[in-house]
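Structure at a glance
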Number of protein chains: 2
Amino acid sequence: MKFKLVIAYDGTPFAGWQVQPNGRTIQEEIEKALFQVMGKELKIVGAGRTDAKVHARGQVAHLILEAPPPPSFQKSLNALTPNEISILSIEPVNEDFHARFSAKEKLYVYHVTSDPVQLPFDQNYSLHYTYPLSFNLMKEAIPHLIGKHDFSAFANQSFLFEEGKNPVKTLFAIDIAPHPSGFSLLFRGDGFLYKMVRNLTGLLLDIGRGKIPPSEAKRILLSKDRKQAPSAAPPHGLTLHSISY
Amino acid sequence: MKFKLVIAYDGTPFAGWQVQPNGRTIQEEIEKALFQVMGKELKIVGAGRTDAKVHARGQVAHLILEAPPPPSFQKSLNALTPNEISILSIEPVNEDFHARFSAKEKLYVYHVTSDPVQLPFDQNYSLHYTYPLSFNLMKEAIPHLIGKHDFSAFANQSFLFEEGKNPVKTLFAIDIAPHPSGFSLLFRGDGFLYKMVRNLTGLLLDIGRGKIPPSEAKRILLSKDRKQAPSAAPPHGLTLHSISY
């Protein structure tokens with residue numbers, strides 16, 4: 001029996017999603033709780049990894065169980081995982097469902113606050129960025145970035161060559177959503193390379209600030225060279241908002 | 001020279017606003033930073049105390065300085081206070097300004113989330129309350145509570161008799177603001193007794209849940225007896241939003 005889990009987490013205290021030798025990870029904490037509830041080692045497969053300090057409101061993972069889960073399965077998992085992790089739902093899915101390969105669209109949101117002093121509530125969830133920005137310059141650059149492209153210029157190279165990963169992705173849209181204390185950048189695509197959203201955000205901030213002209217977005221994309229693009233925006237502003245199947 | 005400070009804080013790690021023998025307090029942390037910047041012991045006077053785990057987006061305090069503050073006074077204080085405290089502004093005010101006595105209106109907001117599983121981001125800032133609630137029942141009770149009344153029934157007694165505090169306050173409005181994952185209760189008044197907002201929230205939740213009929217709000221208020229009112233809602237859902245002068 002296959003199950004789809006929708007998971008929210010505050011990434012602040014974790015070394016990211018994926019199990020790794022050093023540091024607590026979200027996947028590891030959920031698998032530890034699964035072991036306590038099911039009495040055996042079980043693996044979950046996530047839709048994608050998120051880095052240390054990156055948050056999620058709708059990360060998705062799948063899980064295969066040989067026997068039906070106990071009643072209150074979700075409640076037990078939520079009781080056993082740290083407060084920073086919430087299993088929002090668990091539902092049975094078809095055998096051909098795969099958290100990563102079945103995903104049709106992912107929405108990542110990058111939050112920026114630009115008030116002179118950042119509220120303490122935003123410090124772990126929004127980049128505090130007080131340089132004046134022109135949304136018009138940023139909007140000029142966006143059409144160069146959306147569509148189906150080889151996004152190697154915005155991907156961490158070491159990951160790119162792992163598992164022969166395909167660097168061609170389709171970015172459906174980038175929207176700027178202003179709010180009273182700043183703005184959010186919404187990225188919708190069929191998939192994202194490692195650090196791609198943070199690298200695109202870093203570029204858009206430099207463009208908005210006037211450091212790089214909007215037309216450079218096209219040249220950098222076409223170069224397929226990570227060294228051409230500005231540095232990545234910091235992780236804590238990023239949230240994996242939702243995944244559509 | 002008198003200064004008005006507007007202060008935001010995440011109340012989670014603090015034992016409340018007011019300096020006390022046990023536990024870190026917000027007032028104490030700001031006074032420690034003031035000592036480091038000004039080289040002498042200085043006291044700030046807050047508009048009101050907030051309890052342990054209660055938050056603020058616009059707490060106000062005043063401060064008297066004998067000499068003009070150094071340049072970057074605000075920046076220095078923000079660098080020296082814990083991350084959970086942000087001094088949003090510091091501005092000179094007239095000698096007759098008093099953070100508490102000059103306040104005309106305070107707005108407190110009590111946040112409630114009612115989704116089956118609470119997002120980790122909300123856990124320290126919203127009450128997770130999943131009982132079905134009728135806003136109509138709550139709205140029926142509100143007219144009994146607003147206006148100028150002796151609010152002793154909603155005040156912690158031990159505080160009430162300190163300093164001969166007047167239990168008569170004017171509650172201008174209570175509004176219910178629904179949002180996708182729950183709702184917020186907005187309390188506007190000329191002042192609030194100790195635990196008054198949390199006690200009113202506890203009553204409104206019991207009324208919305210159908211445990212107490214809306215008309216009981218009037219009887220409880222007129223009784224002036226704290227024992228007649230239900231228990232206070234927990235502190236972490238409460239935020240002192242703003243104070244008008």
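One structure accompanies this document, and this report is about it. Owing to the predicted nature of the structure, the values given are computational and were not obtained by experimental measurement. (Residues numbered from 1 in each chain as written. Chains lettered and ligands numbered in written order. Predicted model: local features only at pLDDT ≥ 70, side-chain atom pairs only at ≥ 80, totals over all residues. Heavy atoms only, no water.)

**Some remarks on the overall build of chain A**
Put simply, the test is: A helix here means a DSSP run of H or I that spans at least four residues, while a strand means a run of E at least two residues long, and both kinds are numbered starting from the N terminus. C-alpha atoms define the radius of gyration in this analysis, and the globule rule sets the expected value at 2.2 Å times the number of residues to the power 0.38. Only protein chains enter the accessibility calculation, which uses a 1.4 Å probe; a residue whose area is less than 20% of its type maximum is buried, one above 50% is exposed, and one in between is partly exposed. We call two residues in contact when some of their heavy atoms are within 4.5 Å. For this count, His and the chain ends are skipped, Lys and Arg are scored as positive, and Asp and Glu as negative. In plain terms, the charge of a residue is placed at NZ if it is Lys, CZ if Arg, CG if Asp and CD if Glu.
Looking only at helices and strands, chain A has six helices and 10 strands in total. Taking 245 residues into account, the globule formula puts the C-alpha radius of gyration at 18 Å, and chain A, at 19 Å, falls close to it. When its C-alpha atoms are laid out on the principal axes, chain A stretches across 55 × 40 × 30 Å. For chain A, the residues scored as buried account for 51% of the 245 residues in total. By sequence separation, contacts in chain A at least 24 residues apart represent 70% of the contacts at least 6 residues apart. Between the mean site of the 27 positive side-chain charges and the mean site of the 23 negative ones, chain A shows a separation of 3 Å.

**Some points on the side chain of A:Ser184**
Residue and element names in this part refer to chain A. Quick note on the threshold: Pairing of N or O atoms within 3.5 Å defines a polar contact, subject to two protein rules: one partner must be a possible hydrogen donor and the other a possible acceptor, and residues neighboring in sequence count only if both atoms are side-chain atoms.
Looking at the secondary structure, you find serine 184 in strand β9 (residues 182–189). Judged by its relative accessible area of 6%, serine 184 falls in the buried class. There is a polar contact of 2.9 Å between the side chain of serine 184 and the side chain of histidine 111. Not counting the four nearest positions on each side in its chain, serine 184 is found in contact with Val109, Tyr110, His111, Asp175, Ile176, Ala177 and His179.

**Here we look at the relation of the copies chain B and chain A**
Here is the rule we go by: To line up the copies, we fit them by least squares on C-alpha atoms, keeping just the residues with pLDDT of at least 70 in both.
Superposing chain B onto chain A requires a rotation of 180 degrees together with a translation of 0.0 Å along the rotation axis, leaving an RMSD of 0.0 Å. On the angle and the small slide along the axis, the relation comes out as a two-fold axis. Minimal C-alpha separation from the rotation axis in chain B is found for B:Phe121, amounting to 4.8 Å. A share of 100% of interface residues in chain B that are also interface residues in chain A marks the association as one of identical surfaces.

**Some points on the pairing of strand β10 (residues 238–244) of chain B**
Residue and element names in this part refer to chain B. This is how it is decided: For two strands to pair, DSSP has to find at least two bridges joining them.
Strand direction decides the pairing type here: strand β3 (residues 55–64) and β10, joined by two bridges, are parallel. Across the sheet, histidine 55 pairs through a bridge with threonine 239, a residue of β10. Two strands pair when backbone bridges link them, and strand β5 (residues 105–113) and β10 are joined in this way by six bridges, in the antiparallel orientation. Following the sheet pairing, tyrosine 110 is matched in β10 by leucine 238.

**Some details on the packing of helix α1 (residues 26–38) of chain B against helix α2 (residues 73–80) of chain B**
Residue and element names in this part refer to chain B. Convention followed: Axis lines are fitted through C-alpha atoms, for helices just across the contact stretch, and the angle between N-to-C directions can take any value from 0 to 180 degrees. Geometric relationships in this document are graded by angle, where less than 35 degrees denotes roughly parallel, more than 145 denotes roughly antiparallel, 65 to 115 denotes roughly perpendicular, and other angles denote oblique. Crossing chirality is assigned from the near helix's rotation relative to the far helix, an anticlockwise turn below a right angle marking it left-handed and a clockwise turn marking it right-handed. Under the grouping applied here, Gly and all other residues not named as nonpolar or charged are polar, the nonpolar ones being Ala, Val, Leu, Ile, Met, Phe, Trp, Tyr, Cys and Pro and the charged ones Asp, Glu, Lys and Arg.
Here α1 crosses α2 at 125 degrees, and the two axes come no closer than 9 Å. With respect to each other, α1 and α2 are oriented oblique. Judged by the twist between their axes, the crossing of α1 over α2 is right-handed. Between α1, through Ala33, Leu34, Gln36, Val37 and Met38, and α2, the contact on the second element is made entirely by Phe73, Ser76, Leu77 and Leu80. Taken together, the residues of the contact of α1 with α2 sort by class into seven nonpolar, two polar and no charged.

**Considering the interface of chain B and chain A**
Put simply, the rule is: As used here, buried area is the combined drop in accessible area, with a 1.4 Å probe, of two parts when they are placed together. Should a side-chain nitrogen of Lys or Arg be within 4 Å of a carboxyl oxygen of Asp or Glu, the pair is scored as a salt bridge.
With 21 residues of chain B in contact, the opposing surface of chain A contributes 21 residues. Between chain B and chain A, the buried area comes to about 1,500 Å², and carbon and sulfur atoms account for 68% of it. Seen at the junction of chain B and chain A, the total is zero salt bridges. Here chain B and chain A share four residue pairs in polar contact (both at pLDDT 80 or more) between them. Looking at side-chain class alone, the side of chain B that touches chain A contains 11 nonpolar, seven polar and three charged residues.

**Brief notes about the environment of B:Leu88**
Tracing the backbone through its elements, the reader meets B:Leu88 in strand β4 (residues 85–93). The spatial distance from the C-alpha of B:Leu88 to the C-alpha of B:Leu77 is 10 Å, given a sequence separation of 11 residues.

**Describing the packing of helix α3 (residues 135–145) of chain B against helix α5 (residues 196–208) of chain B**
All names here are of chain B. Axis separation between α3 and α5 bottoms out at 8 Å; the angle between their running directions is 140 degrees. Between α3 and α5, the interaxial angle falls into the category oblique. Two packed elements cross with a definite hand, and for α3 against α5 that hand is right-handed. In contact with Leu137, Met138, Ala141, Ile142 and Leu145 of α3, α5 contributes Leu200, Leu203, Leu204, Ile207 and Gly208. A class-by-class count of the residues in the contact of α3 with α5 yields nine nonpolar, one polar and no charged.

**A word on unusual backbone geometry**
Despite not being glycine, A:Lys53 has its phi angle at roughly 75 degrees, a positive value. Here A:Lys53 is to be found in the loop between β2 (44–46) and β3 (55–64). With relative accessibility at 40%, the residue A:Lys53 sits in the partly exposed group. Positive phi outside glycine occurs at B:Lys224, with the angle close to 55 degrees. By secondary structure assignment, the location of B:Lys224 is in the loop between α6 (216–223) and β10. Relative accessible area serves as the criterion here: at 46%, B:Lys224 is assigned to the partly exposed category.

**Quick notes on the side chain of A:Arg198**
Residues and elements named next belong to chain A. In this fold, arginine 198 is placed in helix α5 (residues 196–208). Polar contacts involving the side chain of arginine 198 include one to the side chain of aspartate 51, which spans 2.8 Å. Those residues in contact with arginine 198, other than ones at most four positions away along the chain, are Asp51, Tyr110, Ala232, Ala233, Pro234, Pro235 and Leu238.

**Structural notes on the pattern of salt bridges**
When charged atoms on two side chains of opposite charge get close, those side chains can pair. This structure, assessed with the given rule, holds 18 salt bridges over all chains. In this structure, the salt-bridge partner of B:Asp206 is B:Lys211, at a minimum N-O distance of 4.0 Å.

**Digging into the environment of A:Leu222**
With respect to the helices and strands, A:Leu222 occurs in helix α6 (residues 216–223). When the C-alpha positions of A:Leu222 and A:Leu238 are compared, they lie 25 Å apart, and in sequence the two are 16 residues distant.

**Re the packing of aromatic side chains**
Short version of the rule: Side-chain rings of Phe, Tyr and Trp, where Trp is taken by its six-membered ring, are said to pair if the distance between their centres is within 6.5 Å; with planes under 30 degrees apart they count as stacked, over 60 as edge-to-face, and otherwise as tilted. Over a ring means this: the NZ of a Lys or the CZ of an Arg is within 6 Å of the ring centre and within 35 degrees of the ring normal.
Evaluated as defined, the whole model comprises 12 aromatic pairs over all chains. The lysine or arginine in question, A:Arg209, covers the ring of A:Tyr131, its NZ or CZ lying 3.3 Å from the ring centre.

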